[in-house]
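Residue-level structure breakdown
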Amino acid sequence: MPVCSMTGFARKNLDFSIGENHFSGFWEIKSVNGKSLDFKIKLPPVLEGLSRVLKDEAAKYFNRGNISIFLDLKSESDKSQPHINENLLQALVQKSAEIYEKQPDIFSKPQPAALFSCFGVIEQPLENWDEDLLQKLSGKLAEEFELACREMLDFREQEGAKISKALVDIIGKINILTMKVEKIAETIPSLMREKLQKQLAEWKDAASGISEERIAQELVLYVTRADIREEVDRLKAHVQNFLSLLESGQTVGRKLDFLCQELNREANTTCSKSCDVALTNCGMELKALIEQLREQVQNIE
């Protein structure tokens, strides 16, 4: 399975008949980033029982993301006009007017369009369908929804391919910088020894009471603290692991996010241990690239 983005969209138009009843409309599915797989489903009240089926079907195609599912369905065989619930509408009008009269400075004047959009004011004549029709309709809608899921999966895979390309480009730059850090790190011990020797020569009188052995110990400790070879080795390992995960064909978003944290940890340690301007600059560039990497990874399933 290729790398998938968590951002996706699909619309599947509906146009079918069941017996003498003709239906039209569309399924619409949208998805955005999310830590887990979450759903927001909007269906006609009479079809709310489909929600569980839709979640199970979508879970076959998607592992992460906030997914919004919307069904627009019309029965063209039913020639009757939508019914307005007069009792509910009058109650809303009266209550809205009372609230506006009490606090006109806070609330705007009630608008008819807003009242008609309230749930239950306009009733579609769908509740008159019998159980057999509902069962057949639910089955057909589930089939069409599966096609919409496949369409959105294609969309997410196409987006994932673009993200994957961007990730490979960024991780390549990180690898080049890591090699540069490694070369600079190789020169650090000798530079530090030189620097310390000059300092010791300047402090010769003050350090006259310090033994050569103690000076050697301090020198070793000083050099060890500035040694970043382990950090470089871990950076190289994380880069290779990152590329391997991208090519694994698995759902790797969480793992890549963890690797970004580890890469950032090593970059921070490199900066904190640095005693060289060039090394510090490389560390800062690494941190900037890792942040770019992390931003892209946040979009991966």
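Scroll up to find the structure this text is about.
Residues numbered from 1 in each chain as written. Predicted model: local features only at pLDDT ≥ 70, side-chain atom pairs only at ≥ 80, totals over all residues. Heavy atoms only, no water.

Bringing the pattern of salt bridges into the picture now. One pass over the structure, following the stated rule, counts 18 salt bridges. Among the ionic pairs, Glu182 bridges to Lys236, the shortest N-O distance being 3.2 Å. Of this pair, Glu182 sits in helix α4 (residues 131–202) while Lys236 sits in helix α6 (residues 229–246), placing them 54 residues apart in sequence. Residue Glu182 is classed as partly exposed on the basis of its relative accessible area, which comes to 24%. Residues joined by salt bridges that share partners form a network here, namely Glu230, Glu231, Arg234 and Glu266. (Salt bridge = Lys/Arg side-chain N within 4 Å of Asp/Glu carboxyl O. Helix = DSSP H or I, 4+ residues; strand = E, 2+ residues; numbered from the N terminus. Buried < 20%, exposed > 50% of the residue type's maximum accessible area, 1.4 Å probe, protein only.)

In a soluble, globular protein the nonpolar side chains are often hidden away together inside. Core analysis: the largest hydrophobic core is formed by 33 residues, its most contacted members being Leu167, Ile174, Phe242, Leu256 and Leu293. Elements represented by at least two residues in this core include exactly α4, α6, α7 (253–273) and α8 (277–297). A per-element tally of this core places α4 first, with 11 residues. Every residue in contact with Ile174, bar those within four places of it in the chain, is listed here: Val239, Leu286, Leu289, Ile290 and Leu293. Counting 28 residues, the second-largest nonpolar core is a separate cluster that includes Phe16, Ile69, Leu134 and Phe145. (Core = buried A, V, L, I, M, F, W, Y, C linked by side-chain atoms within 4.5 Å. Contact = heavy atoms within 4.5 Å.)

Turning our attention to the sheet that holds strand β1 (residues 8–18). Pairing in this open sheet of 4 strands is mixed, and the strands run β1-β2-β4-β3 from one edge to the other. The sheet terminates laterally at β1 and β3 (37–42), the two strands that pair on one side only. Each strand axis lies, on average, 15° off the axis of its neighbour in the sheet, ignoring direction. Where strand β2 (residues 21–32) and strand β4 (residues 65–75) come together, 10 bridges link them in antiparallel fashion. Within the sheet, the bridge partner assigned to Ser31 lies in β4 and is Ile67. On top of the sheet, helix α1 (residues 51–59) reaches β2, β3 and β4; it is set at about 140° to β3, its chief contact. (Pairing = 2+ DSSP bridges. Axes fitted to C-alpha atoms, helices over the stretch in contact; angles between N-to-C directions.)

Under the counting rule described, the total for this entry stands at 1 cavity of 30 Å³ or more. There is about 50 Å³ of room inside the largest cavity. Together, Met1, Pro2, Val3, Cys4, Gln250, Thr251, Val252, Ile300 and Glu301 line the largest cavity. Grouping the constituent residues of the lining of the largest cavity by class yields 6 nonpolar, 2 polar and 1 charged. (1 Å grid on protein atoms, 1.4 Å probe; cavity = no way out; pocket = protein on both sides within 12 Å on 5 of 7 lines; lining within 4 Å. Points joined across faces, edges and corners; volume = space filled by probe spheres on them. Nonpolar A, V, L, I, M, F, W, Y, C, P; charged D, E, K, R; others polar.)

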